[in-house]
Amino acid sequence: MTRSVLRVCGWVALAVALALATTLSACHGPQSGRGSALPFADPPRRPTAPVLLVLTPPAPDPWPVIDALRDEAGSHFDVFVRTVAGPSHRDHSSERGGADEIATTMAKLRPAAVVLLNNSSVLAYRRWALTQPAPPPSLILMTAFAEELQRTVPGSRAISYETPAVTALVGLRGTFGVSVRRAGTVARPSFARYLDRQQALAAVEQIELVREPVSETPTAEELRRALERLATAELDALWVLNDNRLLEPSLLERAWLPFVARFERPIVVGVPSLIRSHPSFGTYAAVPDLDALGVQAADLLLELDGPGAGAPAVAVHQPLSVEVLVDATQARRMGLRLAEPHRIDRLVR
Amino acid sequence: MPGPPTPQPRSRRGPSAAGHRRALLVAVLLAVALGLVRLPVDAAPGAAPLVVVFLPTAVRPPALAQALEAGLGEGIEVRAFGRFTDFTKAIQTQRPAAILTHAVTLEFAGLPVHLRGALAEAPVEPLLLVSRGEGLERVPPEQRRYGAVDLVGRSRLPGLVAQWLEMTTPPTISRVVKYEDLLPLLQFEEADAVLLPEWVLADFQRRSRLPFRIERPPAAQLQRAAISLRGSATHREELRRRFQRLGPQTLALLRIDGWTHSTLEPKAATP
């Protein structure tokens, strides 16, 4: 009884961590302002340098990205960093609050481009941008499923924060020296468009992505049945979407964990917490390399602001660089041997 | 408008002070020669000699730093960086005693080459121009976008690629920080072709099912790992010895099997 309670508590904690890592406060009403804890001082203003405004939540997670952005774009832009903090989930008092403060910042700094880190920054900025005839170009980073959000922000582009299935599955081939031609995934209907794109990208590498659909609010039994069907689909790997709803504690406990314990193929996840978990969940994770993400973002912004050929026309770019995490114990249980141990960023034993 | 630089006052020390300094210098040199004083090999006083590394390979920077630290022996600290900008910041702020990177990177940073790495006596390795099966012809030359690992910084990379591809105008570049990131550039069609060494292509062919088209631009030659040493001749000699004692396994991580010249006289790098 006690062990069971502890295990459930563990999964609740894991789910909370996962939610923090992926959803990132989408329902917060925003506030903006200069965060005293930010380690990024304002640069001295140069008369001819355009301003790049970075809007970030008051949390350290995006700091490596901001650091790289300032390094790589700082010779061209004067980079100013401002926080956008959201009130608690219960506070719905002001829909306009964040937008008003962003309006003040925009009027003062007059940025040539804006970087929006995290969902709360995007939502606050969007309220302001929708009132403007021509908002400056903006780049959305580190948000959950940026494809959907980007469409709603005028003048925006985005770099997706989910590692594409093709990147993770091709990485799996290299890490373990295994053939990956067919991978399965469970998905809710609201992820259909995202999965269409993933399927097309995976096809480039001759990987078939087998979808097993579940309803928008699946029960544990429904998810269990979907996973069982995938178990008989002759897969080389299971690719788990960063979908909080599918990874709720009750579903983890009653559907995922019993399946994971029996499944003999690598389980590919997109967040570090599912590799570090106990009991084991993911075998292999490919998560965005934040340093490289900052470089990719800086180059995109510099191309948008500079002369020449300009940035590629696509609105949402895929992250180019990932960090690799491996659960060595689970890999060993599945008979997998590391073909490239020197390429693993974190090996969890 | 700034005026001319203000002349600095000349030393007011007389000939006797200069004589004392010369005597002190001779005494110190004599003590060193007799082995009475053991000089540290670093340039930063009070700290372990620091080796700064920037060498994009298949090995992650922390693993490379760990292997080098073990190979160089006690009393040497190694910090490896995966991003060119972090590397240049480290050179400017951390006073390294040695800098290990590609010779072309040293050259662009204005640093002399003291040790030049080689594999099978070749100090350079050819770079390949790799595109997806349909090749580059489908894209007009002026619209082509090339993927490359950043070895010299964003502003200089197009010039380096133009040099490798013998182009008169620097092309548009998609730069990445790791060789493995060149594969997504091809998968997502964010570059029409990428420049990479042969060992990277072999790795891509193991993991990818993309149909690669491979060209060998004759001028695309990447100089292998090289070392620039700092500090006095004694310091540099000590570090040179340490690097030359590195075992074959550590050298293999640098993708070399030895050093082609080990003179302490700076030898200008050639692109």
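Figured I'd write up the structure that's included with this text. Note that this is a predicted model, so its numbers are computed, not measured. Every chain's residues receive numbers from 1 upward, in the order its sequence appears when written. The lettering of chains begins at A and the numbering of ligands begins at 1, in the order of writing. Where totals are concerned, whole chains, interfaces and linings use all residues; where local detail is concerned, this predicted model gives features only for residues with pLDDT of at least 70, and gives and counts side-chain atom pairs only at 80 or more. To get the side-chain values, all heavy atoms of the structure are used, and hydrogens and water are removed first.

What follows covers the overall build of chain B. Runs of E in the DSSP output that reach at least two residues are strands. Runs of H or I that reach at least four are helices, and both are numbered from the N terminus. Check the secondary structure of chain B and you find nine helices and twelve strands. Burial classification: accessible surface area is computed with a 1.4 Å probe over protein chains only, and a residue below 20% of its type maximum counts as buried, one above 50% as exposed, and the rest as partly exposed. For chain B, the residues scored as buried account for 51% of the 271 residues in total. The contact rule is simple, with two residues in contact once any of their heavy atoms fall within 4.5 Å. In chain B, the share of contacts with a sequence separation of at least 24, taken over all contacts with a separation of at least 6, comes to 77%. We get accessible surface area from the Shrake-Rupley algorithm with a probe of 1.4 Å; when it comes to residues, only the shown protein chains can shield them. On chain B, roughly 13,300 Å² of surface is accessible, and the fraction owed to carbon and sulfur atoms is 56%.

In this section: the packing of helix α2 (residues 63-73) of chain A against helix α10 (residues 290-305) of chain A. Residues and elements named next belong to chain A. Axis definition: a line fitted to C-alpha atoms, limited for helices to the stretch in contact. Angles are taken between N-to-C directions and run from 0 to 180 degrees. The contact between α2 and α10 brings their axes to 7 Å, and the two run at 40 degrees. Judged on the interaxial angle alone, α10 and α2 are oblique. Crossing of α2 over α10 shows right-handed handedness. Between α2, through Pro64, Val65, Ala68, Leu69, Glu72 and Ala73, and α10, the contact on the second element is made entirely by Leu290, Asp291, Leu293, Gly294, Val295, Ala297, Ala298, Leu301 and Leu302. Each residue is assigned to one class: nonpolar for Ala, Val, Leu, Ile, Met, Phe, Trp, Tyr, Cys and Pro, charged for Asp, Glu, Lys and Arg, and polar for all the others, Gly among them. When the residues that make up the contact of α2 with α10 are grouped by side-chain class, the tally is twelve nonpolar, one polar and two charged. Each angle receives one of four descriptions, namely roughly parallel if under 35 degrees, roughly antiparallel if over 145, roughly perpendicular if within 65 to 115, and oblique otherwise. Put simply, a crossing is left-handed when the front helix is turned counterclockwise from the back one by less than a right angle, and right-handed when it is turned clockwise.

What follows covers helix α9 (residues 249-262) of chain A. All names here are of chain A. Between its first and last C-alpha atoms α9 spans 19 Å; for 14 residues at 1.5 Å apiece the expected length is 20 Å, and the two agree. The angle between axes fitted to the seven residues ending at a residue and the seven residues starting there is what we call the bend at that residue. The largest bend along α9 measures about 40 degrees and falls at Trp256, with the proline Pro258 one to four residues further on. Taken as a whole, α9 has its buried residues at Leu251, Leu252, Glu253, Ala255, Trp256, Leu257, Phe259 and Val260. One fewer than the residue count of a helix, multiplied by 1.5 Å, yields its expected span.

All right, on to the packing of helix α8 (residues 220-231) of chain A against α9 of chain A then. Residue and element names in this part refer to chain A. Relative to each other, α8 and α9 sit at 20 degrees, their axes nearing to 8 Å. Of the possible angle classes, the one that applies to α8 and α9 is roughly parallel. Here the hand of the crossing between α8 and α9 comes out right-handed. Across from Ala220, Leu223, Arg224, Leu227, Glu228 and Ala231 in α8, the residues of α9 making contact are Leu251, Arg254, Ala255, Trp256, Phe259 and Arg262.

Before going further, it helps to examine the pairing of strand β8 (residues 208-213) of chain A. Residue and element names in this part refer to chain A. For two strands to pair, DSSP has to find at least two bridges joining them. The pairing of strand β7 (residues 182-187) with β8 spans six bridges and is parallel. From the neighbouring strand, Val186 faces β8, where its bridge partner is Glu212. A crossover links β7 with its parallel partner β8, the connecting element being helix α7 (residues 192-204), and its sense is right-handed. When the strands point away from the viewer and the path from the first strand over the helix to the second turns clockwise, the crossover is right-handed.

Bringing the sheet that holds strand β13 (residues 322-327) of chain A into the picture now. All names here are of chain A. Strand order across the open sheet formed by seven strands is β8-β7-β9-β10-β11-β13-β14, with mixed pairing between neighbours. The open sheet has two edge strands, β8 and β14 (346-348), and neither has a second partner. Going across the sheet, the axis of each strand differs from the next one's by a mean of 25 degrees, ignoring polarity. The pairing of strand β11 (residues 284-288) with β13 spans five bridges and is antiparallel. Directly across from Ala286, in β13, lies its bridge partner Val324. Contacts from α8 reach β7, β8 and β9 (237-239) within the one sheet, and its direction differs from that of β7 by about 170 degrees.

The subject of this paragraph is the pattern of salt bridges. Salt bridge, as applied in this entry: a Lys or Arg side-chain nitrogen positioned within 4 Å of an Asp or Glu carboxyl oxygen. With the rule as written, the count across this model stands at 44 salt bridges over all chains. Close ionic contact of Arg151 of chain A with Glu148 of chain A constitutes a salt bridge, the shortest N to O distance being 3.0 Å. The class of Arg151 of chain A is partly exposed, set by a relative accessible area of 48%. Judged by relative accessible area, Glu148 of chain A falls into the partly exposed class, the value being 37%. Glu216 of chain A is the salt-bridge partner of Arg188 of chain A, the closest N and O atoms lying 2.8 Å from each other. One end of the pair, Arg188 of chain A, is in the loop between β7 and α7; the other, Glu216 of chain A, is in the loop between β8 and α8, and 28 residues separate them in sequence. Judged by relative accessible area, Glu216 of chain A falls into the partly exposed class, the value being 31%. Taken together, the shared-partner salt bridges in this structure form one network comprising Asp71, Glu72, Asp291 and Asp299 of chain A together with Arg83, Asp86, Lys89, Asp150, Arg154 and Arg175 of chain B.

Before going further, it helps to examine the side chain of Thr105 of chain B. All names here are of chain B. Summarising the element assignment, Thr105 is placed in helix α4 (residues 103-108). Residue class for Thr105 comes out buried when judged on its relative accessible area of 0%. With residues near it in sequence (within four places) discarded, Thr105 still touches Phe54, Phe84, Phe87, Leu151 and Val152.

By nonpolar core we mean a set of buried residues, namely Ala, Val, Leu, Ile, Met, Phe, Trp, Tyr and Cys, connected to one another through side-chain atoms within 4.5 Å. Core analysis: the biggest nonpolar cluster contains 85 residues, and Leu169 of chain A together with Val161, Trp164, Leu182 and Leu196 of chain B have the highest contact counts within it. Of the residues forming this core, the biggest block, seven residues, is contributed by helix α6 (residues 165-176) of chain A. Setting aside residues up to four positions removed in sequence, Leu169 of chain A forms contacts with Val180, Ala183, Ile207, Leu209, Ala237 and Val268 of chain A. Core analysis: the second largest hydrophobic core is formed by 30 residues, Ala220, Leu235, Phe259 and Val287 of chain A among them.

Residue-level contacts link 30 residues of chain B with 38 residues of chain A. What gets called buried area is simply the loss in accessible area from a 1.4 Å probe that two parts show on being joined, summed for both. Interface of chain B and chain A: buried area, both sides summed, is about 2,900 Å²; carbon and sulfur atoms make up 44% of it. Considering only the surface of chain B that becomes buried against chain A, Phe188, Arg207 and Arg209 of chain B emerge as the three largest contributors, covering 25% of it. In this structure, the connection of chain B to chain A is made through 13 salt bridges. Between N or O atoms, a polar contact is any pair within 3.5 Å; within protein, one atom must be a potential hydrogen donor and the other a potential acceptor, and residues adjacent in sequence are included only when both atoms are from side chains. If you look at where chain B meets chain A, you find 23 residue pairs in polar contact (both at pLDDT 80 or more). Of all the secondary structure elements, the ones that give two or more residues to the side of chain B that touches chain A are α3 (84-93), β7 (172-176), α6 (182-187) and α7 (198-207) of chain B. Its residues assigned to classes, the side of chain B that touches chain A comprises eleven nonpolar, four polar and 15 charged.

Turning our attention to the environment of Leu251 of chain A. If you trace the backbone, Leu251 of chain A turns up in helix α9. Residues Leu251 of chain A and Glu222 of chain A lie 29 residues apart in sequence; the distance between their C-alpha atoms is 9.8 Å.

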